[in-house]
Amino acid sequence: MAETLKAIKGMNDILPPESARWEWLEDTVRKLMRRYGYQNMRTPIVEPTALFVRGLGEVTDIVEKEMYSFEDSLNGDKLTLRPEGTAGAVRAVNEHTFLYEGGKRLFYIGQMFRHERPQKGRYRQFHQVGAEVMGFAGPDVDAELILMTAALWRDLGLTIGQDITLQINSLGQPDERKAHREALIKHLEAHADLLDDEAKRRLHSNPLRILDTKNPAMQAVVESAPKLLDYLGEASLAHFNAVKQVLDAVGVAYSVNTRLVRGMDYYNLTVFEWVTDKLGAQGTVCGGGRYDGLIEQLGGKPAPAVGWGLGMERLLLLLDEVGIKPPSTAPDAFAVVFAGTPLSTVLVAIEGLRQQGLDIVLNPAGKDGPASPKSQFKKADASGARFALVFGPDEVAQGQVSVKPLRDHGEQVLQPLNGVADWAASLLAARKS
Ligand code: ATP
Ligand code: MG
């Protein structure tokens, strides 16, 4: 036998019934986006490597050690599988001068790639929902983006404050960070013996990122470090307060985490994360913030922007952890076909019912014809269908089909094969009960 080929480590197949959970999440996201006026965008999975190096910053986890980068073997171009969505979204907006007529609210759903050690909630191919608002500078958009995520948790059935909690911070503006940076370096240098190798390496290239460390041995040092919030000027504080005011008014609970800096260089002002204690070290489900400098940094006409990214695998793990299941996608009816029944009669009838909007599963026959009625009824039950459509020889000879309730104690009734539209409505109505 030929050798079985396997998927790449850390990259998962998503098959039924698991895929039904994904479709439910995607449907819920799409409805949410419509409710807030966000439009879908789709960009390539492969981008020039330079986009991420310039966009995310050289001294970031992603660019330093997580990118799938390679040379196009045909022309030598340096390419990278996208590790996140914002840089590509900005590239596309710049390339198409898409903000020409004004700001845009956009979203995308798709896979991202990072070469990390695979574990629960951390994969090499994973999926994100991303929302990006470009062209608006006000704190109203920052707040709206956070409110949207809160609405998504509610739509999915999660309890905010229990299953998932919000942390926010402000990174201020570049000049404010400069003053803080000096104080931070001084503090870290004073405790140089407690810094790990990565922190020592980043001490002068990207000290702010050290606050983001997950190393337990360094928590005390970063806990006592100077807080960026104390270095913010009036305008930055006013922006932060405006966001907090909206959250307070709408009633979305949050805590201010002065050490929240996020992994990418491009953020300024508002940053936030939704975290859970139910997924171990992979506790961040969603993160985002303002990135007012990025559009210009990537060659576009200067314009402010803000957005978030959500890890779909982590969100689905969390939903599983708290026992939330998608609504049933069971068919309305399952067609049980007896041997000897003309197939065209069966298919004409169920096509007619499908045209009326019913979901109907046909049990496919093998090369010796249909399986035994007993085995078909078993499958009909397992499908979760509300009705079995029984195409038996007697019924069909009289131009009829038996409609047998599988989940309620209703009566089995005979319905005419001619004019299925007349009784399709009664099956549709059963959906609501
Ligand atoms: P972490 O600190 O857990 O590595 P991150 O800060 O690198 O996360 P972001 O770049 O902010 O993550 O990406 C947004 C979201 O995408 C994360 O909050 C997380 O839910 C998800 N995510 C990031 N990396 C992975 C991965 N390797 N596998 C699965 N989900 C991921
Ligand atoms: Mg990471």
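Here goes a summary of the coordinates provided. The structure displayed is predicted, hence computed values, not measured ones.

Reading the values: rules and limits
- Residues numbered from 1 in each chain as written.
- Chains lettered and ligands numbered in written order.
- Predicted model: local features only at pLDDT ≥ 70, side-chain atom pairs only at ≥ 80, totals over all residues.
- Heavy atoms only, no water.
- Pairing = 2+ DSSP bridges.
- Helix = DSSP H or I, 4+ residues; strand = E, 2+ residues; numbered from the N terminus.
- Contact = heavy atoms within 4.5 Å.
- Axes fitted to C-alpha atoms, helices over the stretch in contact; angles between N-to-C directions.
- Parallel < 35°, antiparallel > 145°, perpendicular 65-115°, else oblique.
- Left-handed = near helix turned anticlockwise from the far one by under 90°.
- Nonpolar A, V, L, I, M, F, W, Y, C, P; charged D, E, K, R; others polar.
- Near = heavy atom within 4 Å.
- Polar contact = N/O pair within 3.5 Å; in protein donor to acceptor, adjacent residues only side chain to side chain.
- Areas by Shrake-Rupley, 256 points an atom, 1.4 Å probe, with all protein chains shown as cover.
- Phe/Tyr/Trp six-rings, centres within 6.5 Å; stacked < 30°, edge-to-face > 60°.
- Buried < 20%, exposed > 50% of the residue type's maximum accessible area, 1.4 Å probe, protein only.
- Lys NZ or Arg CZ within 6 Å of the ring centre and 35° of its normal.
- Lys, Arg positive; Asp, Glu negative; His and termini not counted.
- Salt bridge = Lys/Arg side-chain N within 4 Å of Asp/Glu carboxyl O.
- Expected span 1.5 Å × (residues − 1).
- Arc of directions from axis to C-beta.
- Core = buried A, V, L, I, M, F, W, Y, C linked by side-chain atoms within 4.5 Å.

**Observations regarding the sheet that holds strand β7 (residues 165-170)**
Item 1. One open sheet accounts for 8 strands, arranged β1-β5-β6-β11-β10-β9-β7-β8; its pairing is mixed. Two strands in the sheet have a free side with no partner beyond their single neighbour: β1 (39-40) and β8 (255-256).
Item 2. Sheet topology note: the β1/strand β5 (residues 104-113) ladder contains 2 bridges and is parallel. Its bridge partner being in β5, Gln 39 is matched across the sheet by Leu 106.
Item 3. Here helix α4 (residues 86-95) sits on the sheet and contacts β5 and β6 (125-134); the angle it forms with β6, its principal contact strand, is near 45°.

**A short note on the packing of helix α5 (residues 139-156) against helix α10 (residues 234-250)**
Item 1. Closest axis-to-axis distance for the α5/α10 pair is 9 Å, and the angle between their directions is 40°. Relative to α10, α5 is oriented oblique. In this structure, α5 crosses over α10, and the sense of that crossing is right-handed. Where α5 approaches α10, its residues Pro 139, Asp 142, Ala 143, Ile 146 and Leu 147 are matched on the opposing element by His 239, Ala 242, Val 243, Val 246, Leu 247 and Val 250.
Item 2. Looking at the contact of α5 with α10, its residues break down into 9 nonpolar, 1 polar and 1 charged.

**Some words on the site of ligand 1**
Item 1. As a structural note, the neighbourhood of ligand 1 is formed by 16 residues, with Arg 114, Glu 116, Arg 122, Lys 214 and Arg 262 the closest of them.
Item 2. Between ligand 1 and Tyr 123, the relevant distance is 2.9 Å, taken from a nitrogen atom to a main-chain nitrogen or oxygen of the residue.
Item 3. In the model, an oxygen atom of ligand 1 is placed 2.6 Å from a nitrogen or oxygen of the Lys 214 side chain.
Item 4. Relative to its unbound accessible surface of 580 Å², ligand 1 loses 92% to contact with the protein.
Item 5. Elements with a contribution of two residues or more to the shell around ligand 1: β6, β10 (284-290) and β11 (305-311).

**Brief notes about the packing of aromatic side chains**
Item 1. Scanning the entire structure with this criterion turns up 3 aromatic pairs.
Item 2. Here Trp 153 and Trp 274 contribute two aromatic rings whose centre-to-centre distance is 5.7 Å and whose plane-to-plane angle is 80°, an arrangement assigned as edge-to-face. With Trp 153 in helix α5 and Trp 274 in strand β9 (residues 268-275), the pair connects residues that are 121 residues apart, well separated along the chain.
Item 3. By relative accessible area, Trp 153 is classed as buried at 0%.
Item 4. Ring pairing ties together the aromatic residues Tyr 266, Tyr 267 and Tyr 291, which thus form one cluster.
Item 5. Geometry around Phe 136 places Arg 105 over its ring, the cationic atom sitting 5.9 Å from the centre.
Item 6. The aromatic ring of Phe 377 is capped on one face by Lys 404, whose charged end is 5.4 Å from the ring centroid.

**Focus on the side chain of Arg 114**
Item 1. Note on placement: Arg 114 falls in the loop between β5 and β6.
Item 2. Here Arg 114 is buried and forms no salt bridge, its nearest opposite-charge partner Glu 66 lying at an N-O distance of 4.4 Å.
Item 3. Within polar-contact distance, the side chain of Arg 114 engages the backbone oxygen of Pro 83 at 2.8 Å.
Item 4. Setting aside residues up to four positions removed in sequence, Arg 114 forms contacts with Ile 62, Glu 66, Tyr 68, Pro 83, Glu 84, Tyr 123, Arg 124, Phe 126 and Gln 128.

**Examining helix α13 (residues 343-355)**
Think of an α-helix as turning once every 3.6 residues; residues three or four places apart then point the same way.
Item 1. In this model α13 runs 18 Å from its N-terminal to its C-terminal C-alpha over 13 residues, within 8% of the 18 Å that 1.5 Å per residue would give.
Item 2. Residues Val 346, Ala 349, Ile 350, Gly 352 and Leu 353 constitute the buried set of α13. In an axial view of α13, the angular spread of the buried residues amounts to 150°, which keeps them on one side of the axis. Set apart from the buried face of α13 by more than 90 degrees, the exposed residues are Leu 343, Val 348 and Gln 355.
Item 3. Buried residues in α13 make contact with β12 (333-337), β13 (360-362), β14 (387-391) and α16 (421-430).
Item 4. The positive-phi residue at the C-terminal boundary of α13 is Gly 357, with phi of around 100°.

**Considerations on the side chain of Glu 66**
Item 1. Residue position: Glu 66 is located in helix α3 (residues 61-66).
Item 2. Those residues within four positions of Glu 66 in sequence are excluded, and the remaining contacts are Asp 61, Phe 113, Arg 114, His 115 and Glu 116.

**Quick word on the nonpolar core**
Item 1. Membership of the largest hydrophobic core comes to 91 residues, with the highest contact counts inside it found for Met 33, Met 134, Trp 153, Trp 274, Trp 308, Leu 310 and Leu 315.
Item 2. Take this core: its biggest share by element is 10 residues, from α5.
Item 3. Setting aside chain neighbours within four positions, we find Leu 310 in contact with His 127, Gln 128, Val 129, Leu 152, Trp 153, Val 285, Cys 286 and Leu 315.
Item 4. Ala 333, Ala 349, Leu 353 and Ala 430 belong to the second largest nonpolar core, which has 21 residues in total.

**Brief notes about unusual backbone geometry**
Item 1. Cis peptide bonds are those with omega within 30 degrees of zero, and the linkage from Pro 16 to Pro 17 qualifies with 5°.
Item 2. For Pro 17, the position within the fold is in the segment before α1 (18-36).
Item 3. Residues other than glycine seldom take positive phi values, yet Thr 97 does so here, at roughly 35°.
Item 4. Mapped onto the elements of the fold, Thr 97 is located in the loop between α4 and β5.
Item 5. Overall, Thr 97 belongs to the exposed group, its relative accessible area being 56%.
Item 6. A positive phi angle is found at Leu 269, which is not glycine, with a value near 45°.
Item 7. Considering the arrangement of structural elements, one finds Leu 269 in strand β9.

Without other data, these values stay purely geometric and don't point to any function.
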